[in-house]
Amino acid sequence: MSTKDLVPSPVGPVDVEQAEAALVERYPRLVRIAYLVLPPSLGRNRRVLTAHALVQRSLPRRRVAGPSVPEPRLAEDAVDPGYAYVRSEVLRQALVAGLPLRRLALPSRAQFPPLLPHVWGLRLFPRVGGADELALDQRLSRLSGPGRAAYVLRGLERQGDAEVLRVLAAAGVADPAAALAEADALDDAPELPGEGPGGALAQGGALPPGAALPPGGGGAGPEGGAAGEPGGPGRSGAGGAGGDRPGPDASGRPDLPDLPGHGGPGPRRSGAALLESDEFDPCALQARPTDLLRRRQHARAGIVAVAALLVCGALLGLPGDGWGRNGAAAPSYARNPAAEAALDPGALKRVDPAVWPASTRQDFSVWPARGALTGDRALLRRALAVWARPGASVRASATPGTPVGPPMGPPQLLFAGEVDGARVVILHDGLRAVRYAEPVGGTAGAALDFARTDGADAVGSAALVLSRAAGNVRYLTAPWVRETSVRDLLAPGEDARPLGRDAVGVTEPMTSPALAKGCTRWNTLQVRDGSGLRMLADLGELAPARLLWGPPAAPADATGPEARAAWARTACQLSAVRAHGVRSVNAWRFARQPLPEGAGSGTWLCTRAETWRGTGSRVLAQFLVPSPSVPAALAARSEGSPACGVRDPRVLAGVLWQAPGGGWYVLAAGSPDVTALETSGGVKGRSDGPLLAVKAAAGARADLAGTLPDGTRVRALR
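Only a predicted model underlies this, so the values are computations on that prediction, with no experimental measurement involved.

Draft legend 1. Here's a closer look at the sheet that holds strand β21 (residues 652–658). Here 3 strands make up an open sheet; going across it, the order is β21-β22-β25 and the pairing antiparallel. Only two strands of the sheet have a single partner each, and these edge strands are β21 and β25 (691–696). The sheet shows a mean angle of 20° between the axes of neighbouring strands, taken without regard to direction. In terms of strand pairing, strand β22 (residues 664–670) meets β25 through 6 bridges, oriented antiparallel. Residue pairing in the sheet places Tyr665 in a bridge with Lys695 of β25.

If you want it as structure tokens, here you go:
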């Protein structure tokens, strides 16, 4: 008969209270069922605890609905619906608990050792039974989980075959008929060798089919039923006397046959009776201690682990090194008095405002501490901690060649205040200016900027970038700066616009060209100190670059009309030195050249960007046509070259130029100390003096060289 043809059992609705009452009332029987269905390979102690856990987890979470129209109840359905539901849940969990864990399958809760109930220091197991119980336990261990469930339902619960099939199907068994066949095979199994007198069961081969048993032994009769024991003194659990076939019990179900293999004189018990014995009662338990030596070793190991955790927690939570107090800083990496002093906000150097007027030097070392938050120790502590060890969430930047390590000692505080929605701290340690910024609402998104400022003079320390927001920039000016204004380099004829400052020297926001994509305006900061006007350009770094004009040996600030006119045509080339650690940029007109075909006079400029680190200077040679509205043309560029500098105040460059009439020429010019010029390659020509103009074809390429008064050859800038 297929399980699809079975009529479902008409179990009605089950309330949680009804299921709980059935579980409490028949708890020992449900635990016995779970214990018998669980695989013996778990061990008796875990098997006992798991059986109790499965039963205790079998209550429904809510009311379980039954069929809308109840069907006629069968004879085998004479069972409480609450008990039927709990029993089905116990069987389902016990069958799942017997499944092996697989690597790719999601494990079930029943497959793990139970959390509750849990026993410490004791091992629990049922009472030890006799040889019959041992024989039955060994035979049950050979069955699959569904086979054991079928045997228990039919033997312990006295279920008929149809109801056993229905209960197994409800418990999730894939093939209930095969499970019932396994139970039948256990009932009909022949006696194994060793199952002789005394009832002891040994594993071995089976008796030949149809072999006769000696008097007093139990076995299968010719009709396939349970044979009687004609000479026995009476059998229990069969309902009949010796020699009679077992009859039905009180519920109308046929009794199970006696378990074969029990030889010798004396009464023999059936499988159903054995299932009721104390051997399989997980509620009547014996207790024994666990491995005492191993438990002692585990206790020692646990004490050591707890002590290690306490020590680690105490070290991480020591005062002055807590992560919460330091905001976005990473964990500490060093502990020594110098490092601790450098991170102590109370040890910060603060210069009095009355120091700088009487000082013999004017640089960052005499800047007073300014800002409304100079007394905020928590903010200063976070700034110092992030400087020493910036965390992964900190946006850090540094000009090329600037070390980013912690200060060697307590740094000097220059500013601490709130600017453009951020708390800003500026520090100086004699080598670097460091800017720390964090949002007003917290420390997430903190920024840290480093700029090298060693050797700064009064002009080099005239201002520092305080804030950049929405394309604008604010500066913190030196205390000796008397006036600030904004001048657009691309508009040399316009007057400078005044730029206001507050009482501590913070300027109003001005448009910055540092992050601009185009070149339609190039604002610079013009400051006036005690000795004159200075021009400072924002190149995307903490310290602005000073703009100069003149020969390398004696440059001056680019504030005059001639300097502004030249810078108006070459200012857009400043984008080539952004974020390069530039200290100053000097533009030098090293030659004027009459142009062929009467096109006027061209101008040659050499622009040199000096860096704070002293190396990596960039040099640009540019050619200006007579029209003042045409930007400068880049003729050559070089990095690391001494050209146009104090050590090598000379330069040589050339371009391919098209005259207004359409002719092409190679134009070349050198600094005044060049006595001769010569081109070779695609265009050949020579001239005495620092200027050269040679007729050429469009797209021609030529090599350029010059000669100094002592005969030294000079190559073109490249």
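Once you've had a look at it, read on.
Draft legend 2. Seen up close, the sheet that holds strand β7 (residues 447–452). In space, the 5 strands of this open sheet follow the order β3-β7-β6-β5-β4, with mixed pairing throughout. One side of each edge strand has no neighbouring strand; the edge strands of this open sheet are β3 (395–398) and β4 (412–419). Adjacent strand axes in the sheet meet at a mean angle of 10° when their direction is disregarded. Pairing of β3 with β7, which is carried by 4 bridges, proceeds in the parallel orientation. Of the residues in β7, the one forming a bridge with Ser397 is Asp449. The strands that helix α12 (residues 377–388) touches are β4, β5 (422–428), β6 (432–439) and β7; relative to β6, the one it contacts most, it runs at about 120°.

Draft legend 3. Quick peek at the nonpolar core. Formed by 48 residues in total, the largest nonpolar core has its most connected members in Val37, Val55, Leu91, Leu140 and Leu168. Residues in contact with Leu168, not counting those within four places in the same chain, are Pro146, Ala149, Ala150, Leu153, Val173, Pro176 and Ala179. In this structure, Ala437, Ala456, Met510 and Leu525 belong to the second largest nonpolar core, which totals 34 residues.

Draft legend 4. Main features of the pattern of salt bridges. Per the counting criterion, the structure on display carries 30 salt bridges. Here Arg377 ties to Asp344 by a salt bridge, and the two come within 3.8 Å at their closest N and O atoms. In this pair, Arg377 sits in helix α12 while Asp344 sits in the loop between α11 (337–342) and α12, placing the two residues 33 residues apart along the sequence. The class for Arg377 is partly exposed, based on a relative accessible area of 45%.

Draft legend 5. Expanded view of the confidence of the model for the protein chain. Here the protein chain shows a mean pLDDT of 81. Residues at 70 or above account for 80%. pLDDT under 50 marks residues 1–10. Its contacts with residues more than four places away, or in other chains, come to 17 contacts. Predicted confidence is poor over residues 67–71, with pLDDT under 50, and the contacts of this stretch with residues over four places away or in other chains come to 5 contacts.

Draft legend 6. Fine view of the environment of Ala51. Along the chain, the position of Ala51 falls in helix α3 (residues 44–56). When its relative accessible area of 0% is taken as the criterion, Ala51 is described as buried. When the C-alpha atoms of Ala51 and Cys283 are compared, they prove to be 10.0 Å apart, with 232 residues separating the residues in sequence. Excluding residues that lie within four positions of it along the chain, Ala51 makes contacts with Val31, Ala34, Tyr35 and Leu38.

Draft legend 7. The environment of Ala700, seen in detail. Looking at where Ala700 falls in the secondary structure, it is placed in the loop between β25 and β26 (702–707). What makes Ala700 partly exposed here is its relative accessible area of 23%. Those residues within four positions of Ala700 in sequence are excluded, and the remaining contacts are Leu656 and Val683.

Definitions and limits used
Positions within a chain are numbered from 1, following the residues in the order the chain's sequence is written. Thresholds applied to this predicted model are a pLDDT of at least 70 for local features of residues and 80 or more for the giving and counting of side-chain atom pairs; totals over whole chains, interfaces and linings are not thresholded and use all residues. Derived side-chain values reflect all non-hydrogen atoms in the structure, with water molecules and hydrogen atoms excluded from consideration. In this description, strands pair whenever DSSP reports at least two bridges between them. Counting from the N terminus, the helices are DSSP H or I runs at least four residues long and the strands are E runs at least two residues long. Axis angles are defined between N-to-C directions and span 0 to 180 degrees, where every axis is a line fitted to C-alpha atoms and, for a helix, only to the segment in contact. Any two residues whose heavy atoms approach within 4.5 Å are treated as being in contact. The set of buried Ala, Val, Leu, Ile, Met, Phe, Trp, Tyr and Cys residues whose side-chain atoms join them within 4.5 Å is what this entry labels a nonpolar core. Accessibility here uses a 1.4 Å probe with only protein chains present; expressed as a share of the type maximum, an area under 20% marks a residue as buried, one over 50% as exposed, and anything in between as partly exposed. When a carboxyl oxygen of Asp or Glu lies within 4 Å of a side-chain nitrogen of Lys or Arg, that pair is called a salt bridge. Predictor confidence is given residue by residue as pLDDT, running from a minimum of 0 to a maximum of 100.

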